[in-house]
Structure formats: structure tokens, C-alpha cells
Amino acid sequence: MRHIYIPIEPITPRDLPTHLQTLHLHGDSMGTTWSVQLIGDASLSALFLQQGLQEKLDQIDSQMSTWDVNSDLCRFNHAAAGTWHQLPSEFCQVLDYAIYLARQTTGAYDPAAGKLVDLWGFGPRARGKDFPDADSISKAMSGCGWRDVKFEAITGRLLQAGGISLDLSSIAKGYAVDQLARFLDAQNVSGYLIEVGGELRGAGIKPDHSPWWVSIERPDSASLNERPEHMVALHDLSIATSGNYRQFFEYEGKRHSHTIDSRTGYPVDNHLLSVSVLHSECMVADALATAFTVMGSEAALVYANQHQIAAIFFEQEGDTISEKLSAVMASMRDE
């Protein structure tokens, strides 16, 4: 679900020097859509770039998809207890950071929350009509959280101790954005804006020397379609957003978030509507946005300020929607 808009004007050929070209490439992968706007040498083949970008995305999806039963992640989740698995390098990079962040946030971010995600109906299986009972939640939490993951980062080996169910949906798209950026950098593309499922990364500038501007949606209860107030220049920066005001389910008249707090086993229950995080790596921004949603604005602001993270939080109490900015985000806005 997208919470960020790209309010940029199309680049016309008359804006470009003759040795450059502009391309808009797009496709489907990872259960969502992707797009890339770029400025590069006129000799670059659009077909070559399109195929290269698609291959990168499909490779990540084949490793980390929770929907493809043949993905490396699904095969691990369904493997026999006591078996070791050799992970591809990309999978290793993502899991290594995911476990690091889980440790840093004491489980607010949990890459091994797959059983809870499935139980609440946010995985491949559709959510049932009934609210999960306490026994089912307790069983899904027992012996299969991030602390139970045995991962050898150096060798790339992962132990299926029994019942471990990984879910990297909240980090894989961000990592995919980073991988597309590395591919474009290797082709000496001078400027680009990448978007995968709502997560973005920009580099370089447009021919008019302006940066790639994006706008962060303000979740206004009166009208979710009002023009966003916050614009951000993605100059070698990524942005990712986690929001609960569009993705939720209702049970007995109460709304419940689609984000699960694996520390309690229940959907997140705080005042946060959305969190947007800026970082040089989209993988980091993606995972932090989810972690901050679980932590709530007070604890997340402390973490963001301690670690020099740029973040903006929208929360609602009653009919009032307010925003909070981390120190770094506030300083960026004041520049």
C-alpha cells in the first residue's frame, strides 16, 4: 500500500543533452509493481535495462517470497526440524540485518514472526472469520521467535530448529530497491528514481539540476486524498513507509492493525497511523518503519534520535491527527 507520491513532471527530450536519454521502465514482481525513471547514456539499451532490473527482482522473490512454495524461504519454513540450510548471499544479507534489528529493538522487529502473521491472516492464507484465541496465539509464539533463530552469518547456514517460520515481507522490498540501485550504478546511470511496492530510492539529479522530489501522504481523517504537506528530495536517499490507516481489519466493531507485535502476539495497538523513514539504504528504512510502528511514537522517537535516524510519525488521538519528527528529520526540513 503506497503512502508516498511522486509529484514530478515528465522529462521531455528537449530537456536532455544529445548524449543522454530518459527512460521509464516498469513491471510486476514480488506481488506488487515496480517502476524506474532514469537518465543515462543514450547508448544504453532499454531492453537490456528492463531485463536486468526484472531479473534482480525475480531473483529476490525466488529467495524470500512467502507466497511461492518453491522459494528458499518457504522451503526452509517447511523443512524438517534439525536440518541445516545453505542460504543464497542475498538472503543472508537480509536475514543478517533483520536479526540485528530484532536484537536492537528487543523484538519489536521480528523476522521469525511467520506463524503469527499466518495466524492473523496476513500471510498466504486468508484470514478466517474468527478472532484467534489466546491458546493459538501462545502456541504460535512458543519457541519460534527471533531469539530461536540459529544463523551462521559467516558460512550462510541457517538451522531449522523446528517450527521456525521466517517472514521477510517488511524488508525484502526495501532490499530489492537497493539491488536495483546497484544494478543501475554498475551501468553508470547518472540519475534515477526507483519504486518497488511504495518504497523509493533516488540518486543523482534531473537535467534541470533539480533533485527527485517525493511527497509523504498525510493521513487526514477528513480526506485521505488531500495533497501531501511534506516533500523530500531523494538525493542518494531512500524512503519507506509503514501505515495502518489503510490496511486493517474489523472485528466486533473495532479496527485492528495489519502489523503484528510479536512480543504480545496481537496486532499493534497504539495511536500511530503511519511512519516514514529516510535512510541511505532502503532495506534499513523499510525494516525500521515496521519496527517503529510496533514500538509506538514515544519509544521510536527515542531510538531514532539515539541512532540519528530521520523519521516522521503521524498519530491520531480521538479526531486529532498530529505529527512528530525525529531530530534529524526536523533539521532536514529546516535546511
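Reading the values: the criteria
Residues numbered from 1 in each chain as written. Predicted model: local features only at pLDDT ≥ 70, side-chain atom pairs only at ≥ 80, totals over all residues. Heavy atoms only, no water. Phe/Tyr/Trp six-rings, centres within 6.5 Å; stacked < 30°, edge-to-face > 60°. Helix = DSSP H or I, 4+ residues; strand = E, 2+ residues; numbered from the N terminus. Buried < 20%, exposed > 50% of the residue type's maximum accessible area, 1.4 Å probe, protein only. Lys NZ or Arg CZ within 6 Å of the ring centre and 35° of its normal. Expected span 1.5 Å × (residues − 1). Axes fitted to C-alpha atoms, helices over the stretch in contact; angles between N-to-C directions. Parallel < 35°, antiparallel > 145°, perpendicular 65-115°, else oblique. Left-handed = near helix turned anticlockwise from the far one by under 90°. Contact = heavy atoms within 4.5 Å. Nonpolar A, V, L, I, M, F, W, Y, C, P; charged D, E, K, R; others polar.

Q: Describe in detail the packing of aromatic side chains, supporting the description with residues and values.
A: Inspection of every chain in the model, using the stated rule, returns five aromatic pairs. Ring centres of Phe48 and Phe183 lie 6.0 Å apart, and the angle between their planes is 40 degrees; on these two criteria the pair is classed as tilted. Here Phe48, found in helix H1 (residues 46-64), pairs with Phe183, found in helix H6 (residues 169-186); they are 135 residues apart in sequence, far enough to count as distant. With a centroid separation of 5.8 Å and 70 degrees between ring planes, the pair formed by Phe292 and Tyr303 is classed as edge-to-face. Highlighted residues: Phe292 in helix H7 (residues 282-295) and Tyr303 in helix H8 (residues 297-306), separated in sequence by 11 residues. Here Phe292 matches Tyr303 in class, with each residue buried. Among the aromatic side chains, those forming a connected cluster through ring pairs are Phe292, Tyr303 and Phe313. Sitting over the face of the ring of Trp84, Arg157 holds its NZ or CZ atom 4.2 Å from the ring centroid.

Q: I'd like a rundown of H7, residues and numbers included.
A: Given 3.6 residues to a turn, an α-helix orients residues that are three or four positions apart in the same direction. Taking 1.5 Å of rise per residue, 14 residues should cover 20 Å, and H7 covers 20 Å from first to last C-alpha, within 8% of that figure. With 14 of 14 residues buried, H7 is to be regarded as a mostly interior element. Of the residues one or two after H7, Gly296 is the one with positive phi, at around 85 degrees.

Q: Tell me about the packing of helix H3 (residues 89-104) against H6, and please be specific about residues and values.
A: Where H3 meets H6, the closest approach of the two axes is 11 Å, and the angle between their N-to-C directions is 125 degrees. As summarised for this structure, H3 and H6 are arranged oblique, according to the angle between their axes. Between H3 and H6 lies a crossing whose hand is right-handed. Between H3 and H6, the residues in contact are Glu90, Gln93, Val94, Tyr97 and Ala98 and Ile171, Tyr175 and Gln179, respectively. Looking at the contact of H3 with H6 residue by residue, the classes come out as five nonpolar, two polar and one charged.

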